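Letter by letter, the chains look like this.
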Amino acid sequence: MRKLKFIGLGVVAAGCSAWLLATIELRVDAADNTGVMTGVVTSAKGPEAGVWVIGETDDLQTKFRKIVVTNDQGKFLLPELPKTASYKVWVRGYGLADSKPVIAKPDQDLKLAALLAKDAREAAQVYPANSWASLLEPPKPSEFPGTGPTGNGINRAGYVIHSAVHRARSDIECVMHTHTAAGIAVSAQEDGLLPLSQHAMRFTNSIGYHDYEGLALELEEQVRLVRDLGQHKAMILRNHGLLTCGASIAEAFDLMYYLERACQTQVSAMGGDAKLRMPAAGVAEKTALQFKNLPYKAKKTEWKALTRMLDKTDASYKT
Ligand SMILES: [Zn+2]
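Residues numbered from 1 in each chain as written. Predicted model: local features only at pLDDT ≥ 70, side-chain atom pairs only at ≥ 80, totals over all residues.

**Q** Could you clarify how one ought to interpret the sheet that holds strand β8 (residues 87-92) in this entry?
**A** Strand pairing in a sheet takes place through backbone hydrogen bonds and is either antiparallel or parallel in direction. Across the sheet, four strands lie side by side as β6-β5-β8-β10; this open sheet has antiparallel pairing. The two strands at the open ends of the sheet, each matched to only one other strand, are β6 (64-69) and β10 (102-104). Ignoring which end each strand starts from, the neighbouring axes of this sheet average 25° apart. Sheet topology places strand β5 (residues 52-57) next to β8; five bridges connect them, and they run antiparallel. Of the residues in β8, the one forming a bridge with Ile 54 is Trp 90. (Pairing = 2+ DSSP bridges. Helix = DSSP H or I, 4+ residues; strand = E, 2+ residues; numbered from the N terminus. Axes fitted to C-alpha atoms, helices over the stretch in contact; angles between N-to-C directions.)

Pasting the structure below:
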């Protein structure tokens, strides 16, 4: 029987004020019903060190998953697995494709075969995308000669803007930049984005502004782009357009979608003679905080729906 000891510190106020030290023992019954799974992972190259072994089951009340990493001999031990369940166990790792899952129970000793990926593209599809992408170096400026007769068809200004953010921010995996009419219109307004809508209030105190310097063809501008973005994930490029970035494509798109909607709303609201109504003091800040604390799951649901729509429209982006 596993026992957890908690030290409770309380005050006895009545009679004599004295500190009382109490020890409470809690029994964790579930621990009695767990076992371990051991084994070794090999590939055509021999024992596979430092790869993930993932054990997962749907047999319990909630989805249950354990992930461990093999040692130098390719050995692993998956601990504390409830014995009543069966587990799918497979191998994932750098340069590998996911192995075919085997079905196993606790107390079994497994021999798992890691599957070497055919090429870098296949490996990138199964290895955690963030980890893979973070290993990528932004290409050199010389690889972006521009769109002229001696160019490669890739916009030089796009390289200057995007590579600046990717180099400076290790937390960022995706940068988006647009030239929409509403985005450019707000970028040309002296006061920038105003807290006129719920969408706009989301960006309160979390958006940067970068002054226009001409077409972004010069690498020296990268220093100022990075400075003006700071730790934000959204920026208005004055007289130019919008920029958002995120830890995933989903996050960058989500921010861009709402920033664009905020700009459209502002342009519409300022298009007439009506006097504009601003929220009471502190409300915009409160709203921004509320957005920040929204559970990320909701955002993921939106992204899944959007990619399903994209798949139906044109799935060629996957290849
Ligand atoms: Zn641009």
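**Q** Looking at this structure, I do not really get the nonpolar core. What am I missing?
**A** Buried together is how nonpolar side chains tend to be arranged in soluble globular proteins. Formed by 30 residues in total, the largest nonpolar core has its most connected members in Leu 193, Phe 203, Met 235, Ile 236 and Leu 259. When residues of this core are traced back to their parent elements, those giving at least two are α3 (156-168), α5 (198-201), α6 (221-229), β15 (234-237), β16 (241-246) and α7 (249-269). Broken down by element, this core gets its largest block of residues, six residues, from α7. Here Met 235 is in contact with Ile 207, Gly 208, Tyr 209, His 210, Asp 228, Leu 229 and Leu 243, once residues within four sequence places are set aside. Core analysis: the second largest hydrophobic core is formed by 13 residues, Phe 76, Val 89, Val 91 and Leu 112 among them. (Core = buried A, V, L, I, M, F, W, Y, C linked by C-beta atoms within 7 Å. Buried ≥ 20, exposed ≤ 12 C-beta atoms within 10 Å, placed from the backbone. Contact = placed C-beta atoms within 7 Å.)

**Q** Please clarify how the sheet that holds strand β14 (residues 208-210) should be interpreted in this entry.
**A** Reading across from one edge, β13-β16-β15-β14 is the order of the four strands in this open sheet, with mixed pairing throughout. The open sheet is flanked by β13 (174-178) and β14, the only strands paired with a single partner. Looking at each pair of strands side by side, their axes are set apart by 20° on average, direction ignored. Pairing analysis gives three bridges linking β14 to β15, with the strands arranged parallel. In the strand pairing of β15, Tyr 209 is matched with Ile 236. Running at roughly 150° to β16, α7 makes contact with β13, β15 and β16 of the sheet.

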